[in-house]
Each structure stands twice: as C-alpha cells, then as structure tokens.
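A closer look at the structure
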Amino acid sequence: MKRTTILATAALGTALAAYAGEMPSFSSYDVNADGQVAEAEFVAVKTADGKLTEAEAVEAFARIDTNADGMASKLEFAAAIETWKDETAEPQKLPMNPM
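None of the values given here were measured: they were computed from a predicted structure. (Residues numbered from 1 in each chain as written. Predicted model: local features only at pLDDT ≥ 70, side-chain atom pairs only at ≥ 80, totals over all residues. Heavy atoms only, no water.)

Let us now look at the side chain of aspartate 30. Relative to the elements of secondary structure, aspartate 30 occurs in the loop between α2 (26-29) and β1 (37-38). There is no salt bridge for the buried aspartate 30, and the closest opposite charge comes from lysine 74, which lies 6.5 Å off by N-O distance. Side-chain polar atoms of aspartate 30 contact the backbone nitrogen of aspartate 34, separated by 3.2 Å. A distance of 2.8 Å separates a polar atom in the side chain of aspartate 30 from the backbone nitrogen of glycine 35. (Helix = DSSP H or I, 4+ residues; strand = E, 2+ residues; numbered from the N terminus. Buried < 20%, exposed > 50% of the residue type's maximum accessible area, 1.4 Å probe, protein only. Lys, Arg positive; Asp, Glu negative; His and termini not counted. Salt bridge = Lys/Arg side-chain N within 4 Å of Asp/Glu carboxyl O. Polar contact = N/O pair within 3.5 Å; in protein donor to acceptor, adjacent residues only side chain to side chain.)

Listed below in structure tokens is the structure:
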C-alpha cells in the first residue's frame, strides 16, 4: 500500500510539472529516494498517466541508462534531459542580412 501511495504521488508530481511546462526532476522518478532510478520506478511513473505504454517507457529508460546496469544515475538522467532539449529545440533563426 505504501509503495502504491509513493508511486501515485510521484506520478502526480510529474504530471503537474509537465502541465506547468517544466522538465520533471530526477527526484520525481526516484520514488524510493535511493539516489538512482530503477527501470521499474521509471516505468511506473511514465505509464501512470497512460500517455506511454510499458514497452515505450522501457525503451525510453534504455536510452537513459547508458551503461545498461538497470539503474539511471543523476548524471545519466541529466545527460538524457540535455540530449532531449537539444533534439527538441527550435532551430535558431539567422538574422536577415539586408542588402
């Protein structure tokens, strides 16, 4: 019961952060607060709102867990967010050069 409450709280926090346009924090995925995000924690949070399937969440976690140890460290998580930001950033418009 306690785990379900913790997972529901984490999912709600993630959903609220997404609604506010913010990136979810590492701690919103680190449900048990051990300093790492296990695949099960990540999948539970990512699938809680129904936007991702379990398979999609597992695939996303695999991209974050670069050393494939089944745990995402704060460093791996931060690197994944930076990569995502780079991939989704709008291309900068170059100023027009009047002739």
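A word on the pattern of salt bridges. Pairing is possible between side chains of opposite charge, provided their charged atoms come close. A full pass over the atoms with the stated rule returns two salt bridges. The salt bridge partner of glutamate 59 is arginine 63, with a shortest N-O separation of 3.4 Å. Note that glutamate 59 and arginine 63 are positioned in helix α4 (residues 54-64) at a spacing of four residues, about one turn of the helix. Each member of the pair, glutamate 59 together with arginine 63, is exposed.

This brings us to unusual backbone geometry. Its identity is not glycine, yet alanine 33 carries a phi of approximately 55°, on the positive side. Examined against the element boundaries, alanine 33 turns out to sit in the loop between α2 and β1. A positive phi angle is found at alanine 68, which is not glycine, with a value near 55°. Structurally, alanine 68 is set in the loop between α4 and β2 (71-72). The exposure class of alanine 68 is exposed, given its relative accessible area of 63%.

The next thing to look at is α4. Of all the positions in α4, only Ala57, Ala60, Phe61 and Ile64 are classed as buried. Viewed end-on, α4 has its buried residues packed into an arc of 100°, placing them on one side of the element. Seen from the buried face of α4, the exposed residues on the opposite side, beyond 90 degrees, are Ala55, Glu59, Ala62 and Arg63. Its buried side turned inward, α4 meets β1, α3 (39-47), β2 and α5 (74-88). (Arc of directions from axis to C-beta. Contact = heavy atoms within 4.5 Å.)

Along the chain, the position of glutamate 76 falls in helix α5. We note that glutamate 76 is buried and unpaired, the nearest opposite charge coming from lysine 74 at a distance of 13 Å. A distance of 3.2 Å separates a polar atom in the side chain of glutamate 76 from the backbone nitrogen of asparagine 67.

The terminal C-alpha atoms of α5, which comprises 15 residues, lie 21 Å apart, in line with the 21 Å expected from a rise of 1.5 Å per residue. Every buried residue of α5 is listed here: Glu76, Phe77 and Ile81. The buried side chains of α5 occupy one side of the element, clustering within an arc of 135° when seen end-on. Opposite its buried face, α5 presents the exposed residues Leu75 and Asp86, each directed more than 90 degrees away. Of the surrounding elements, those touching the buried residues of α5 are α2, α4 and β2. (Expected span 1.5 Å × (residues − 1).)

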